[in-house]
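# Examination of the molecular architecture
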Amino acid sequence: MKLKTMLTGALAAVAAAPAFAQEVAQDLPVIGAPENGGIGFQPAATELARDIHWLDGMITVIITAIVILVTALLAFCIVRYNRKTNPNPGTFTHNSPLEIAWTVGPILVLVFIGAFSLPVLFKQQEIPEGDIYIKATGYQWYWNHEYIDEGFAFDSYMIGSPATGGDNSYSEEVEQQLLDAGYEPEHFRLATDTAVVVPVNKTVVIQVTGGDVIHSWTIPAFGVKQDAVPGRLAELWFQPEQEGVYFGQCSELCGIAHAYMPITVKVVSEEEYEAWKANMVEEYASAPAADAPIQVASAE
Ligand SMILES: [Cu+2]
């Protein structure tokens, strides 16, 4: 029995060891990553993200027009009505047509913006039927991802975090870990030891919650971000259109190592996803209750 326990222990250790052994294509292009000095959005990889980018562009045009109009009016008043050119100022206090105009004008602008932004908001918030459901739980300082219907779960730690043998800072060892896992050195603080893997063109629903304090799950290229609040289960959804690697970072200040709990999502082909899933079920799924440790105990 002792031998059996030892063997079980050894097997468990072997199973737990290959933290980086994710059998997914390592030559996936990195699409969703921040750029040094970048000021724009990451490329849109979902319809949601495209909608958001379009809305942002449209509102930027409106904002720019308003800024130009207000600046021009201000300049006009400074030039035309300063004390030198206009020594005797008007004494009237009301102008009804003008007041109606500057009330109705902004209302029309807001209604126009609302008419385009509300449908985008509803598209994000109305959760469709998912092909895959994943529960993401934020902890100080890592994410747990549970594939609900498949019955397996795993923790995703930043490569270079204490859990992977680092101390959250960059070193040659960390660089080697990144390279071994198929990432580049610049993906430090973005890459995790165990990525979330989803098939391309499928509807993915993520249920987001917090295990201790509030965190926030996001993938900017998908146009999704959701606070992970303890005791609440919020949902977000996306349908990635392009195979590749996408990064996000915890987006709610959650403590001292908040900057070291990134999110990595790999979008792969259907076949690759199925193969990865089979592998993960074997590696991470909990054993059915019937043949759990009870058997070991009763063997004595
Ligand atoms: Cu955080």
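Keep in mind that what you see is a predicted model, and the values were worked out from it rather than measured.

Here we come to the confidence of the model for the protein chain. Residues with a pLDDT of 70 or more make up 87% of the protein chain, whose mean pLDDT is 88. Considering only residues more than four positions removed or in separate chains, one finds that residues 1–21, a stretch of pLDDT under 50, has 14 contacts. Across residues 289–300, where pLDDT falls below 50, the model places four contacts with residues more than four positions away in sequence or in other chains.

Our next topic: the nonpolar core. Counting residues in each nonpolar core, the largest one holds 53 residues, and the members touching the most others are Tyr 147 and Trp 217. Once residues lying within four places of it in the same chain are set aside, the contact partners of Trp 217 are Ala 136, Trp 143, His 145, Ile 206, Val 208, Val 224, Lys 225, Gln 226, Leu 236, Phe 238, Ile 263 and Val 265.

Glancing now at the coordination of the copper ion. The protein atoms donating to the copper ion are Cys 250 (SG), Glu 252 (O), Cys 254 (SG) and His 258 (ND1), with metal-donor distances spanning 2.0 to 2.8 Å. The coordination sphere of the copper ion comprises four donor atoms, whose angles at the metal cover 82 to 135 degrees; the geometry is irregular. Each donor residue of the copper ion lies on the same chain, and together they follow the pattern C-x1-E-x1-C-x3-H.

What follows deals with the layout of surface pockets. Looking at the largest pocket, its volume works out to about 200 Å³. Lining the largest pocket, in full, are Leu 48, Gln 124, Gln 125, Thr 218, Pro 220, Gly 223, Val 224, Lys 225, Gln 226, Glu 235, Leu 236 and Trp 237. Taken together, the elements giving at least two residues each to the lining of the largest pocket come down to α3 (96–125), β8 (224–228) and β9 (234–238). For the lining of the largest pocket, the class distribution of residues is five nonpolar, five polar and two charged. Built from parts of two domains, the lining of the largest pocket gets at least three residues from each of domain 1 (2–32 + 129–284) and domain 2 (47–125).

Here helix α2 (residues 47–80) crosses α3 at 165 degrees, and the two axes come no closer than 10 Å. With respect to each other, α2 and α3 are oriented roughly antiparallel. Relative to α3, α2 is oriented so that their crossing is left-handed. Between α2, through Glu 47, Leu 48, Asp 51, Ile 52, Trp 54, Leu 55, Met 58, Ile 59, Ile 62 and Ile 66, and α3, the contact on the second element is made entirely by Val 109, Phe 112, Ile 113, Phe 116, Ser 117, Val 120, Lys 123 and Gln 124.

Attention now goes to the pattern of salt bridges. Following the criterion strictly, the structure yields six salt bridges and no others. Between Lys 202 and Glu 270 there is a salt bridge, and its shortest N-O distance comes to 3.5 Å. Remark: Glu 270 occurs in helix α5 (residues 270–284) and Lys 202 occurs in the loop between β5 (196–199) and β6 (204–210); sequence separation between them is 68 residues. Classification of Lys 202 by relative accessible area gives partly exposed; the value is 27%. A relative accessible area of 30% means that Glu 270 is categorised as partly exposed. For Glu 274, the salt bridge goes to Lys 277, with nearest N and O atoms at 3.5 Å. Of this pair, Glu 274 and Lys 277 both sit in helix α5, three residues apart, roughly one helical turn. Given a relative accessible area of 36%, Glu 274 falls into the partly exposed group. Overall, Lys 277 belongs to the buried group, its relative accessible area being 18%.

Judged by side-chain polarity, Trp 54, Phe 112 and Phe 116 come together as a nonpolar surface patch covering roughly 310 Å² of accessible area. Mapped onto the secondary structure, Trp 54 falls in helix α2. Its relative accessible area of 47% is what places Trp 54 among the partly exposed residues.

The full count for this structure, using the stated rule, is 18 aromatic pairs. Ring centres 5.5 Å apart and planes at 50 degrees place the aromatic pair Trp 54 and Phe 116 in the tilted group. Of this pair, Trp 54 sits in helix α2 while Phe 116 sits in helix α3, and the two are 62 residues apart along the sequence. Overall, Phe 116 belongs to the partly exposed group, its relative accessible area being 33%.

What counts, and at which threshold
Residues numbered from 1 in each chain as written. Predicted model: local features only at pLDDT ≥ 70, side-chain atom pairs only at ≥ 80, totals over all residues. Heavy atoms only, no water. pLDDT = per-residue confidence, 0-100. Contact = heavy atoms within 4.5 Å. Core = buried A, V, L, I, M, F, W, Y, C linked by side-chain atoms within 4.5 Å. Buried < 20%, exposed > 50% of the residue type's maximum accessible area, 1.4 Å probe, protein only. Donors = N, O, S within 2.8 Å, 3.2 Å for Na, K, Ca; no water. Tetrahedral: all angles 85-135°; square planar, octahedral: opposite > 155°, others 65-115°. 1 Å grid on protein atoms, 1.4 Å probe; cavity = no way out; pocket = protein on both sides within 12 Å on 5 of 7 lines; lining within 4 Å. Points joined across faces, edges and corners; volume = space filled by probe spheres on them. Helix = DSSP H or I, 4+ residues; strand = E, 2+ residues; numbered from the N terminus. Nonpolar A, V, L, I, M, F, W, Y, C, P; charged D, E, K, R; others polar. Domains from an automatic or database assignment. Axes fitted to C-alpha atoms, helices over the stretch in contact; angles between N-to-C directions. Parallel < 35°, antiparallel > 145°, perpendicular 65-115°, else oblique. Left-handed = near helix turned anticlockwise from the far one by under 90°. Salt bridge = Lys/Arg side-chain N within 4 Å of Asp/Glu carboxyl O. Patch = residues over 30% accessible without salt bridge, like charges linked within 9 Å, V, L, I, M, F, W, Y side chains within 5 Å. Areas by Shrake-Rupley, 256 points an atom, 1.4 Å probe, with all protein chains shown as cover. Phe/Tyr/Trp six-rings, centres within 6.5 Å; stacked < 30°, edge-to-face > 60°.

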